[in-house]
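# Inside the fold
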Amino acid sequence: MASQSIYAVVILYNLALSMYLFLFPLYLDHLVFSPMLIGALVSVSAVFQVILRLPMGAYIDRIGQHNATKLSSATFLLSIIFFFARPLLPFFIVIQLFSGVSSTLFWPSTQAYVASMSHRTLGYRMGMFNLLTGVAGVVGPLAGGYSKDLVGPEKSFSVLLGVSVILMLVTLALPRLHPGETTGRTMGLMESMLVVIREKP
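Everything quoted here is computed from the prediction, not taken from an experiment. (Residues numbered from 1 in each chain as written. Predicted model: local features only at pLDDT ≥ 70, side-chain atom pairs only at ≥ 80, totals over all residues. Heavy atoms only, no water.)

### Topic: the packing of aromatic side chains
Under the defined criterion, the tally for this structure stands at 18 aromatic pairs. Plain terms: the ring middles of Tyr-20 and Phe-76 are 6.0 Å apart, the flat faces sit at 80° to each other, and that makes the pair edge-to-face. With Tyr-20 in helix H1 (residues 2–30) and Phe-76 in helix H3 (residues 65–81), this residue pair connects regions lying 56 residues apart in the sequence. Given the relative accessible area of 1%, Tyr-20 is considered buried. By the ring-pair criterion, three or more aromatic residues cluster together here, those being Tyr-13, Tyr-20, Phe-24, Tyr-27, Phe-33, Phe-76, Phe-83, Phe-92, Phe-106, Trp-107, Phe-129 and Phe-157. (Phe/Tyr/Trp six-rings, centres within 6.5 Å; stacked < 30°, edge-to-face > 60°. Helix = DSSP H or I, 4+ residues; strand = E, 2+ residues; numbered from the N terminus. Buried < 20%, exposed > 50% of the residue type's maximum accessible area, 1.4 Å probe, protein only.)

### Details of the confidence of the model for the protein
Per-residue pLDDT for the protein averages 86, and the proportion of residues at 70 or more is 87%. This model gives residues 180–201 a pLDDT under 50, and the stretch forms 18 contacts once residues within four places in sequence are excluded. (pLDDT = per-residue confidence, 0-100. Contact = heavy atoms within 4.5 Å.)

### Comments concerning the nonpolar core
Ranked by size, the top nonpolar core spans 36 residues in total, and within it Ile-6, Tyr-20, Phe-83 and Phe-92 carry the most contacts. Those elements that provide at least two residues to this core are H1, helix H2 (35–63), H3, helix H4 (89–117), helix H5 (122–151) and helix H6 (153–172). In terms of residue count, the dominant contributor to this core is H1 (15 residues). The contacts of Phe-92, once residues within four sequence positions are left out, are Phe-24, Tyr-27, Leu-28, Leu-31, Phe-33, Leu-41, Phe-83 and Pro-87. (Core = buried A, V, L, I, M, F, W, Y, C linked by side-chain atoms within 4.5 Å.)

### A closer look at a nonpolar patch on the surface
On the surface, a nonpolar cluster with roughly 450 Å² of combined accessible area is contributed by Leu-131, Val-135, Val-138, Val-139 and Leu-142. Relative to the assigned elements, Val-138 resides in helix H5. (Patch = residues over 30% accessible without salt bridge, like charges linked within 9 Å, V, L, I, M, F, W, Y side chains within 5 Å. Areas by Shrake-Rupley, 256 points an atom, 1.4 Å probe, with all protein chains shown as cover. Salt bridge = Lys/Arg side-chain N within 4 Å of Asp/Glu carboxyl O.)

### Some details on the environment of Gly-100
Looking at where Gly-100 falls in the secondary structure, it is placed in helix H4. Gly-100 sits in the buried class, given a relative accessible area of 0%. As a C-alpha pair, Gly-100 and Ile-51 span 49 residues in sequence and 9.7 Å in three-dimensional space. Not counting residues up to four positions away in its chain, the partners in contact with Gly-100 are Ser-45 and Gln-49.

### Observations regarding the packing of H5 against H6
Two elements in contact, H5 and H6, have axes separated by 7 Å at closest approach and are oriented at 130°. If you check the angle between H5 and H6, you find them oblique. Here the hand of the crossing between H5 and H6 comes out right-handed. From H5, Ser-147, Lys-148 and Val-151 reach across to H6, where they touch Pro-153, Lys-155, Ser-156 and Val-159. By residue class, the composition of the contact of H5 with H6 is three nonpolar, two polar and two charged. (Axes fitted to C-alpha atoms, helices over the stretch in contact; angles between N-to-C directions. Parallel < 35°, antiparallel > 145°, perpendicular 65-115°, else oblique. Left-handed = near helix turned anticlockwise from the far one by under 90°. Nonpolar A, V, L, I, M, F, W, Y, C, P; charged D, E, K, R; others polar.)

### Structural notes on the side chain of Thr-171
Summarising the element assignment, Thr-171 is placed in helix H6. Here Ser-73 takes part through its side chain, which lies 2.8 Å from a polar atom of the side chain of Thr-171. Here Thr-171 is in contact with Val-9, Thr-69, Lys-70 and Ser-73, once residues within four sequence places are set aside. (Polar contact = N/O pair within 3.5 Å; in protein donor to acceptor, adjacent residues only side chain to side chain.)

Here is the structure:
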């Protein structure tokens, strides 16, 4: 049950994410943003991810992978909801912030969840994780392109919103692997950086 649930989350998240990454610059082009501004806005999410990697990794240790996965789906859903606000530059920066936070939480939390299911079949489970990620990454842009041609760039985000809502519902149903687990102390940002520096060859 746990493996089926987490794999469903992986498929839906990567399907939604790859659709979003395909549709976002096309929507900005539809709004007649300049190519330079589109490039800058697309890169904002990656910038946030670089900044947040260590803090979010520590935060996942504090709240646990189960809660972090739910928070990842919730922040992604919020990023799509913001598309239905006024199409202004500040809103697109907020959208990319939520998208960056979501991605930063999703990858370590879901991989930790898969790794916690069974150490004896870890290689197989991680292989399945990567396979489903790749399949969703192929289907997502195709679905995004089809929906854009069918209903246009603006209504395509209604389709994406529907996928994101389903993702949120499936994530909420994700079972906790260890019901009695507690989150332990985690190192702070500076402490984590010092450990990385000390362990460098």
